[in-house]
Amino acid sequence: ERLGQANKPKDQAETSRLRKTLVTAGYRGARSPVIFLGSKIFMGILFGALFFIFGDEVAKGMLDKPMSANVFSMLMVATAVGGFYSPQMWLSLAVSRRKEKLLNGFPDALDLMVVCVEAGLGLDQAISRVGEEIKIGHKDLGDEFQLVSLELRAGFSREQALRNLSDRTDLDEIRSLIALLIQTDRFGTSVGQALRVHSDSMRMNRKIRAEEMASKLPVKLMLPLILFIFPSLMVVIIGPGSIRLIRNFL
């Protein structure tokens, strides 16, 4: 945390963007930005120190000779820079994984919300109930719905609490749902019907994404096939014949 205070940017907008990214990754603590900034300096020092201690020995084991001073200095600086930016890469991966978890569980949450609304619960009570029930299978999504419920109890307007949910998750699907719920609340149309239509749309989009990933699979398999499987097959098929030809002609 002390390292983070030294690395803290002076621009408040940059700090706000970092805090928003950490919230999207699931880290809502007040000290999270400072600890994250401190971890960048700590990881840079750690990686640089490890290379300073073990880098020369590794080079001797691989190249049978020590590195020159210039190469050693350049590699140590590059290792320290890589360690400095490694928490940023980890944060990007954490945000992507959490978004995927939220997106996978959202159609189920919408179906449960439709059941609650059509059973007679209001939208606020339905959000609270969905947060309790969906947490069993989708913990992150349940936490987000429960946080919306807590904001509603604390006195936030429904529109503001829903917009906060959209800002925390940073997902287009959830953003479109929030806009749908706000319009439904303003115009007094059927919430259950709107949720049912949106749930079907999200499930169809999830199916389309799965089909898109499946269609990309043959292209992704080309590289390992060409580099690893085809050469092995050629050796197995052509190798014995080649050896026999060499023995006969030479």
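As shown above, the structure is provided for reference.
Since the structure is predicted, the reported quantities are computational estimates derived from the model, not experimental observations.

### Here we look at the overall build of the chain
Thinking step 1. Looking only at helices and strands, one finds nine helices and zero strands in the chain.
Thinking step 2. Listed N to C, the secondary structure of the chain is α-α-α-α-α-α-α-α-α in terms of helices and strands.
Thinking step 3. By the compact-globule yardstick of 18 Å for 250 residues, the chain is too spread out, its C-alpha radius of gyration being 27 Å.
Thinking step 4. Based on the C-alpha atoms only, the size of the chain along its principal axes is roughly 90 × 60 × 30 Å.
Thinking step 5. Counting the 250 residues in the chain, one finds 29% classified as buried.
Thinking step 6. Considering only residue pairs separated by 6 or more positions, the chain has 61% of its internal contacts joining residues 24 or more positions apart.
Thinking step 7. Only carbon and sulfur atoms are counted for the fraction: they give 63% of the accessible area of the chain, which is about 16,200 Å².
Thinking step 8. Each charge class in the chain can be summarised by its mean position, and for the 33 positive and 26 negative side chains these summaries are 5 Å apart.

### Re unusual backbone geometry
Thinking step 1. The backbone of Asp170 shows a phi angle near 55 degrees, a positive value even though the residue is not glycine.
Thinking step 2. Looking at the element boundaries, Asp170 is found in the loop between helix H7 (158-169) and helix H8 (172-187).

### Regarding the pattern of salt bridges
Thinking step 1. Counted according to the given criterion, the structure contains 17 salt bridges.
Thinking step 2. Between Lys216 and Glu212 there is a salt bridge, with its nearest N and O atoms 3.7 Å apart. With Lys216 and Glu212 both in helix H9 (residues 191-249) and four residues apart, this pair spans about one turn of that helix.
Thinking step 3. A relative accessible area of 40% means that Glu212 is categorised as partly exposed.
Thinking step 4. One connected set of salt bridges, linked through shared partners, spans Arg28, Arg98, Glu144, Glu151 and Arg168.

### Notes on a nonpolar patch on the surface
Thinking step 1. Taken together, the side chains of Met222, Leu223, Ile226, Leu227, Phe228, Ile229, Phe230, Leu233, Met234, Val236, Ile237 and Ile238 make up a nonpolar region of the molecular surface, amounting to roughly 1,200 Å² of accessible area.
Thinking step 2. Among the structural elements, Met222 can be located in helix H9.
Thinking step 3. When its relative accessible area of 43% is taken as the criterion, Met222 is described as partly exposed.

### Observations concerning the packing of aromatic side chains
Thinking step 1. In total, this model carries five aromatic pairs according to the counting rule given.
Thinking step 2. Ring centres of Phe84 and Tyr85 lie 5.2 Å apart, and the angle between their planes is 90 degrees; this geometry places the pair in the edge-to-face category.
Thinking step 3. For Phe84, a relative accessible area of 25% puts it in the partly exposed group.
Thinking step 4. Note on Phe106 and Phe145: the rings are 6.1 Å apart at their centroids and 20 degrees apart in plane angle, and the pair reads as stacked. On the criterion of sequence distance, the pair formed by Phe106 in helix H4 (residues 69-118) and Phe145 in helix H6 (residues 139-154) is long-range, its members being 39 residues apart. No difference in accessibility class separates Phe106 from Phe145, as the two residues are buried.
Thinking step 5. Connected via pairs of aromatic rings, a cluster forms that spans Phe51, Phe52 and Phe72.

### Details of helix H2 (residues 12-25)
Thinking step 1. Between its terminal C-alpha atoms H2 stretches 20 Å, which fits the 20 Å expected from 14 residues at 1.5 Å a residue.
Thinking step 2. Looking one or two places after H2, you find Gly26, whose phi comes out positive at around 105 degrees.

### A closer look at the packing of H4 against helix H5 (residues 123-134)
Thinking step 1. As a packed pair, H4 and H5 sit with axes 9 Å apart at the nearest point and diverge in direction by 135 degrees. As far as their axial angle goes, H5 and H4 are oblique. Seen along the crossing, H4 lies across H5 with a hand that is right-handed. Counting all contacts with H4, which are made through Asp108, Ala109, Leu112, Met113, Cys116 and Val117, the residues of H5 involved are Leu123, Ala126, Ile127, Arg129, Val130, Glu133 and Ile134.
Thinking step 2. Grouping the constituent residues of the contact of H4 with H5 by class yields ten nonpolar, no polar and three charged.

### What to know about the nonpolar core
Thinking step 1. Within the largest apolar cluster, 29 residues are counted, with the highest numbers of intra-cluster contacts made by Phe106, Met113, Phe145 and Leu195.
Thinking step 2. Where this core is concerned, the elements lending two or more residues are H4, H5, H6, H7, H8 and H9.
Thinking step 3. Examining the composition of this core, we find that nine residues originate from one element, H4, more than from any other.
Thinking step 4. Every residue in contact with Phe106, bar those within four places of it in the chain, is listed here: Leu141, Phe145, Ile174, Leu177 and Met202.

Rules used in this analysis
Residues numbered from 1 in each chain as written. Predicted model: local features only at pLDDT ≥ 70, side-chain atom pairs only at ≥ 80, totals over all residues. Heavy atoms only, no water. Helix = DSSP H or I, 4+ residues; strand = E, 2+ residues; numbered from the N terminus. Rg over C-alpha atoms; globule rule 2.2 N^0.38 Å. Buried < 20%, exposed > 50% of the residue type's maximum accessible area, 1.4 Å probe, protein only. Contact = heavy atoms within 4.5 Å. Areas by Shrake-Rupley, 256 points an atom, 1.4 Å probe, with all protein chains shown as cover. Lys, Arg positive; Asp, Glu negative; His and termini not counted. Charge placed at Lys NZ, Arg CZ, Asp CG, Glu CD. Salt bridge = Lys/Arg side-chain N within 4 Å of Asp/Glu carboxyl O. Patch = residues over 30% accessible without salt bridge, like charges linked within 9 Å, V, L, I, M, F, W, Y side chains within 5 Å. Phe/Tyr/Trp six-rings, centres within 6.5 Å; stacked < 30°, edge-to-face > 60°. Expected span 1.5 Å × (residues − 1). Axes fitted to C-alpha atoms, helices over the stretch in contact; angles between N-to-C directions. Parallel < 35°, antiparallel > 145°, perpendicular 65-115°, else oblique. Left-handed = near helix turned anticlockwise from the far one by under 90°. Nonpolar A, V, L, I, M, F, W, Y, C, P; charged D, E, K, R; others polar. Core = buried A, V, L, I, M, F, W, Y, C linked by side-chain atoms within 4.5 Å.

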